[in-house]
Amino acid sequence: MSDLPNIVVLISGSGTNLQAIIDAVRSGDIPARISLVLSNRPEVKGLERARQAGIETKVLDHTEFTSREAFDAEMIRQIDRQQPDLVVLAGFMRILTGDFVRRYEGRMINIHPSLLPKYRGLHTHQRALDAGEPEHGVTVHFVTEELDGGPNIIQAVVPVQPDDTAETLAQRVQVHEHLIYPLAVKWFTEGRIRLTQGEVTLDGTPLPPGGCLLDSRD
Ligand code: GAR
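Residues numbered from 1 in each chain as written. Predicted model: local features only at pLDDT ≥ 70, side-chain atom pairs only at ≥ 80, totals over all residues. Heavy atoms only, no water.

J.: Looking at this structure, I do not really get the side chain of Asn-110. What am I missing?
T.: With respect to the element layout, Asn-110 can be found in strand 5 (residues 108–112). Note on Asn-110: relative accessible area 10%, which makes it buried. Residues within four places of Asn-110 in sequence aside, it is in contact with Leu-89, Thr-139, Val-140, His-141, Val-143, Asp-148 and Tyr-181. (Helix = DSSP H or I, 4+ residues; strand = E, 2+ residues; numbered from the N terminus. Buried < 20%, exposed > 50% of the residue type's maximum accessible area, 1.4 Å probe, protein only. Contact = heavy atoms within 4.5 Å.)

The structure is reproduced here in structure tokens:
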């Protein structure tokens, strides 16, 4: 075992964000190791990505549990065995219980495909298009008990094009997801970002409410 910070990643699907983080760990850009990738769905692409990188995987199929509480309790058991410094939700599409969220408060982060606090929940790209938004984007935030509501760490802004569909917009947003998620994980594992009394600091300085901003129009 190394002294590097230890990360557990939770996924439900294709795992492109997981891949971006694996690549950044491999290149040495993120000074950490990923000890476990846990999926609530069997046979998803993200599990294959983890196995190919030599990372331990675990499937906990939520449909085999009688309640959300029972599922989250087993997830806690599996995660705590790894004693992680950071829990990364990378396309993990389950609502979490308060007990689960409180247990990892300040050391659990999520990526959500909108400029939070706008468009919490699902179908964010279509909703942004329907509302005629000139710009859309993606947010990495600390996870709190409020769904998609935790304090922001970093956002990337993506201009909406006149001929965008939900698919084309999602593709451009994903390119930015793969930039800002590894960056946020890097900052956390380097001890640069912290959640203190509901406020995020970077190098000790409080961030504005939106978090750091990566603006692709710059
Ligand atoms: C990503 O687009 C992520 O932003 C989104 O799921 C996708 C997972 O893709 N997350 C959410 O909607 C969370 N509310 P990936 O499995 O290829 O990383």
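J.: Honestly, the site of the ligand in this entry has me stumped. Any pointers?
T.: Around the ligand, the neighbouring residues are Ser-14, Gly-15, Thr-16, Asn-17, Gly-91, Met-93, Ile-111, His-112, Pro-113, Gln-174 and Glu-177. One of the side-chain N or O atoms of Gln-174 is found 3.2 Å from an oxygen atom in the ligand. Within the side chain of Glu-177, a nitrogen or oxygen atom sits 2.9 Å from an oxygen atom of the ligand. With respect to the detected pockets, the ligand is housed in the largest pocket. Elements with a contribution of two residues or more to the shell around the ligand: helix 1 (16–26), strand 5 and helix 6 (166–189). A per-class count over the shell around the ligand returns three nonpolar, seven polar and one charged. (Near = heavy atom within 4 Å. Polar contact = N/O pair within 3.5 Å; in protein donor to acceptor, adjacent residues only side chain to side chain. 1 Å grid on protein atoms, 1.4 Å probe; cavity = no way out; pocket = protein on both sides within 12 Å on 5 of 7 lines; lining within 4 Å. Sits in = over half its atoms within 2 Å of the grid points. Nonpolar A, V, L, I, M, F, W, Y, C, P; charged D, E, K, R; others polar.)

J.: I tried to follow the nonpolar core on my own but got confused; where do I start?
T.: A general trend in soluble globular proteins is that nonpolar side chains are found buried together. Val-88 and Ile-153 are the most contacted members of the largest nonpolar core, which totals 43 residues. Among the elements that make up this core, the one with the highest residue count is helix 6 (eight residues). Setting aside its immediate chain neighbours within four residues, Ile-153 contacts Ile-109, Val-140, His-141, Phe-142, Ala-184, Trp-187, Ile-193, Val-200, Leu-207, Gly-211 and Cys-212. Of all hydrophobic cores here, the second largest spans 18 residues; its members include Leu-10, Phe-71, Leu-96 and Val-101. (Core = buried A, V, L, I, M, F, W, Y, C linked by side-chain atoms within 4.5 Å.)

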